[in-house]
Amino acid sequence: MSVGQLPVAYTLLELTVAVIAVVGNIVVMIAFRLDKRVRKKTNFYIFSLATADLLVGLVGVPSAILTKLGLPEGSFSGCITMLSLLVVLCTISILNLLAVSVDRYWAVLHPFSYRRKFTGRGVIAIILGCWLSGNCIGFSPLFGWNSGSLSSGRCFFTNVMNYDFLVFLYFATIVYPTLLMAFFYAKIYIVVLRQVRQISALEQAPSTYVVSSSFNRDILSSTTVPLQQASSHSKRDISKAKKLSIIVLFFVICWLPLYTINCIQAFCHTCVPPSWLLDCFIVLSHANSAVNPFLYAYHMREFREVANRLICCLRRSQSKKLDLPLDFFITQGLGRTIFRSTLTSDAKNKSIHENKENLSRTPSYLNVKHT
């Protein structure tokens, strides 16, 4: 297949997904860098996930388009390296999704042990473990677990990859992570519902009540909490639980079809799906990296506020068409300067405007006519 024979719809969809993944994840990473409120230890998982998804958009999608063309041709080492890198990036993204679910599961069900055990170093160790595991799994074909080079010298994913490896990849990175995430989020949802029932049963009680800690083994004594405060917490937990269910569902929709087809072909070599259907499943798997910023980061208030300010200040900078020398961009850090300027409140802007008007007026005692 030549470049001119690439399916137009597939190519456009892949490029669109790549652009969205790159832009969205860069915004998440910039927001993490600029605002201290975002740099919580739990949000380091989000930053790691954004990094992996950014690489999927920058490297993974172009690699998928190249292998669609059978490139690189005549270089098996280059072919297997590129395909292994594609698997590595997708696997790291999946493992980061699993790490986020584990973190939230432990924070909700075991909050006290979570504060003790999940320190900054512990979070970094888990993230490094995700990247190391992803590299070990993804680069396995590079170290011999492959089907060898084709006689034609072309580089096609399903022909070069060993089917035993694809079956292993299916269970290690799709089936087991999906079951684990479904279990974690289901437990979170059960805890939230139990808390809601407790609050509903005590709505007629006095202004304070005792929250039973039977759902949390780490809480050894009951805690007195204001009813209104507990009710607001339960509403936030319900909202989070709904979003978590959407996250699991979208993960399954994106990844399960493609890896299921690869696994089926390992046992049935004559079961070849239509090329258009396979292309749709490939784009769908990459779309997970484009949508992850919206599912995991943008629904968090801190990320959303910083992202909105960043987008607004970029629009303002384009409308003003600033004519600044290159040295200013390098030494002064235009992006950070513009971002900080947007943090000024409306009240402060209003007061500055009023001060300027007052200064522009000439005091009456200065209007003296000299004779």
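Note: the structure precedes this text.
Residues numbered from 1 in each chain as written. Predicted model: local features only at pLDDT ≥ 70, side-chain atom pairs only at ≥ 80, totals over all residues. Heavy atoms only, no water.

K.L.:
When you look at a nonpolar patch on the surface in this model, what are you seeing that I'm missing?
P.N.:
Taken together, the side chains of Phe171, Tyr176 and Leu179 make up a nonpolar region of the molecular surface, amounting to roughly 320 Å² of accessible area. Take Leu179: it is sitting in helix 7 (residues 163–201). (Patch = residues over 30% accessible without salt bridge, like charges linked within 9 Å, V, L, I, M, F, W, Y side chains within 5 Å. Areas by Shrake-Rupley, 256 points an atom, 1.4 Å probe, with all protein chains shown as cover. Salt bridge = Lys/Arg side-chain N within 4 Å of Asp/Glu carboxyl O. Helix = DSSP H or I, 4+ residues; strand = E, 2+ residues; numbered from the N terminus.)

K.L.:
Before we go on, may I ask you to explain the side chain of Thr178 in this structure?
P.N.:
By the element assignment, Thr178 lies in helix 7. Sequence-distant contacts of Thr178, that is, excluding residues within four places in its chain, are made with Phe251 and Val252. (Contact = heavy atoms within 4.5 Å.)

K.L.:
Any chance you could explain the nonpolar core here in plain terms?
P.N.:
Where a protein is soluble and globular, its nonpolar side chains tend to be buried together. Among the nonpolar cores identified, the biggest contains 79 residues, and Ile46, Leu83, Trp255, Tyr259, Tyr296 and Phe303 are the most heavily contacted of them. For this core, the element with the highest residue contribution is helix 3 (residues 76–109), accounting for 15 residues. Counting residues in hydrophobic clusters, the runner-up holds five residues, among them Leu6, Val61, Ile65 and Leu69. (Core = buried A, V, L, I, M, F, W, Y, C linked by side-chain atoms within 4.5 Å. Buried < 20%, exposed > 50% of the residue type's maximum accessible area, 1.4 Å probe, protein only.)

K.L.:
Mind showing me how you'd approach unusual backbone geometry here?
P.N.:
Only a minority of non-glycine residues have a phi that is not negative, and only a minority of peptide bonds are not trans. The linkage connecting Leu71 with the following residue, Pro72, adopts the cis geometry, with an omega of 0 degrees. In this fold, Pro72 is placed in the loop between helix 2 (44–68) and helix 3.

K.L.:
Hey, could you run me through the packing of aromatic side chains in this one?
P.N.:
Aromatic rings in a pair are described by how distant their centres are and how their planes are angled relative to each other. Counted by the stated rule, this structure contains eleven aromatic pairs. Here the aromatic rings of Trp145 and Phe165 are separated by 5.3 Å at their centres, their planes lie at 65 degrees, and the arrangement is edge-to-face. Of the two residues, Trp145 sits in the loop between helix 5 (120–138) and helix 6 (157–160) while Phe165 sits in helix 7, which places them 20 residues apart along the sequence. For Phe165, a relative accessible area of 0% corresponds to the buried category. (Phe/Tyr/Trp six-rings, centres within 6.5 Å; stacked < 30°, edge-to-face > 60°.)

K.L.:
How do you make sense of the state of the cysteines when you look at a structure like this?
P.N.:
Among covalent bonds in proteins, the disulfide is the one between the sulfur atoms of two cysteines. Tallied over the entire structure, the rule returns two disulfides. Residue Cys79 pairs covalently with Cys155 via a disulfide, S to S 1.9 Å. When the S-S torsion is 80 degrees, as for the bridge of Cys79 with Cys155, the disulfide is right-handed. Of this pair, Cys79 sits in helix 3 while Cys155 is found in the loop between helix 5 and helix 6, placing the two residues 76 residues apart along the sequence. Across the pair, exposure class does not vary: Cys79 and Cys155 are buried alike. Put simply, Cys268 and Cys271 are joined by a disulfide, and their sulfur atoms are 1.9 Å apart. Residues Cys268 and Cys271 are joined by a disulfide whose S-S torsion is about 70 degrees; by sign, that bridge is right-handed. (Disulfide = S-S within 2.5 Å.)

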